[in-house]
Amino acid sequence: MKITMNMTDCRWDEERFLDGQDAADYLRKMELDGLELMHCQGGDPSFFPREIICGMHLRNWNDWVDLWQENWEPLREEYGSLKQAEKVYGRLDRNSIIRPLERQLSMAASLGVSYVVFHVCDVKTTELYSYQFLHTDEQVVDAAAELINTLLDGKDYPFEFLMENLWWPGLTMTRPEITERLLAQIHFPRKGIMLDTGHLMHTNLNLTSQEEAAMYLTRQIKKHGALSSYIRGIHLNQSITGAYVRELLKNRERMPGEYEKRQEDCYLHVFQIDAHLPFTGAGVREVVETLQPEYLTFEFITSSREEQEEKLRLQWKALGGRAAWFDKKEGI
């Protein structure tokens, strides 16, 4: 098992470290094997030593299916005009999605990562507030499979391609038939799933504690039966925010009317739902032990080195420390 933390190559995240060697020393101090890196526009992945980058989180667009399928009217409704949509995507054709992902896949291969992560999801800024969705899970996973095959067919990338669950339409890990539908359509042999524990929690608005959440996660994993063998990695985090969403759905008028204002507000709004806190409740060890993933990423939202270190220590404490995993048997 490779145990990592999430990190971007944005300047304000890299500024937490004096240099790449300091980042490597920090990982050793925190008893981690490396980073799961998210490359940002203008970011510099070469800041980090190549050997500490274990995985790479690919770029994602929250709302992309309508552009992929050339459904122009929903794009007009979402962005206010096709001109505004073109400003967001760069161009209004499939290459606006394909080309950036191709560049990132090439980067991942050059970095020698073990895996990449891709969101299988589609949600409009309006839907972030309303929870009334245009697209079904089936439509999103079918489009995602087509995109993924376009990217990977005929390629012999050395890494695993792991698809991440969210709580919007697409791969949610609540419906085994959808998980199977997605996996069955993808040709790439090194396909798998990156299970985000916090995202799965958000599919149940009635959870009130981490302990309840751990039991819910275990039930969803068991419901997947043999399909759970495709879960190669875990993004470990939690946020119990069902009460916030239930209140939101009573006051849908909170949603800003103009796209640009919604875009400004949606990040803060989403982080109210998806806080990415350490998963410290009873049952977290059982979740990880049940899956025995190849990759375990402590995925938190932090604004400083000190805050990150505090949250990493809390997560290790909840898991019983590194020795509790690597002393039990080979590979765990």
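What comes next concerns the included structure.

Our focus in this paragraph is the packing of helix H2 (residues 20–29) against helix H15 (residues 305–319). Where H2 contacts H15, the axes come no closer than 11 Å and their chain directions differ by 25°. Comparing the axis directions of H2 and H15 gives the class roughly parallel. As for how H2 packs across H15, the hand of that crossing is right-handed. Where H2 abuts H15, its residues Asp22, Tyr26 and Lys29 lie against Arg305, Gln308, Glu309, Leu312 and Arg313. Of the residues in the contact of H2 with H15, the class split is two nonpolar, one polar and five charged.

Our next topic: the packing of aromatic side chains. Tallying each qualifying case throughout the model produces 14 aromatic pairs. On the basis of an interplanar angle of 70° and a centroid distance of 5.3 Å, the ring pair of Tyr131 and Trp168 is categorised as edge-to-face. Here Tyr131, found in the loop between helix H7 (125–130) and helix H8 (137–152), pairs with Trp168, found in the loop between strand E5 (160–164) and helix H9 (176–185); they are 37 residues apart in sequence, far enough to count as distant. Classification of Tyr131 by relative accessible area gives buried; the value is 18%. Here Trp168 falls in the buried class, since its relative accessible area comes to 4%.

Let us now look at the pattern of salt bridges. This model, assessed by the stated rule, comprises 21 salt bridges. Its salt-bridge partner being Arg91, residue Asp93 comes within 2.8 Å of it at the nearest N-O pair. Judged by relative accessible area, Arg91 falls into the partly exposed class, the value being 42%. Where salt bridges share partners, they join Asp137, Glu138, Arg175 and Glu177 into one cluster.

Conventions and cut-offs
- Residues numbered from 1 in each chain as written.
- Predicted model: local features only at pLDDT ≥ 70, side-chain atom pairs only at ≥ 80, totals over all residues.
- Heavy atoms only, no water.
- Axes fitted to C-alpha atoms, helices over the stretch in contact; angles between N-to-C directions.
- Helix = DSSP H or I, 4+ residues; strand = E, 2+ residues; numbered from the N terminus.
- Parallel < 35°, antiparallel > 145°, perpendicular 65-115°, else oblique.
- Left-handed = near helix turned anticlockwise from the far one by under 90°.
- Contact = heavy atoms within 4.5 Å.
- Nonpolar A, V, L, I, M, F, W, Y, C, P; charged D, E, K, R; others polar.
- Phe/Tyr/Trp six-rings, centres within 6.5 Å; stacked < 30°, edge-to-face > 60°.
- Buried < 20%, exposed > 50% of the residue type's maximum accessible area, 1.4 Å probe, protein only.
- Salt bridge = Lys/Arg side-chain N within 4 Å of Asp/Glu carboxyl O.

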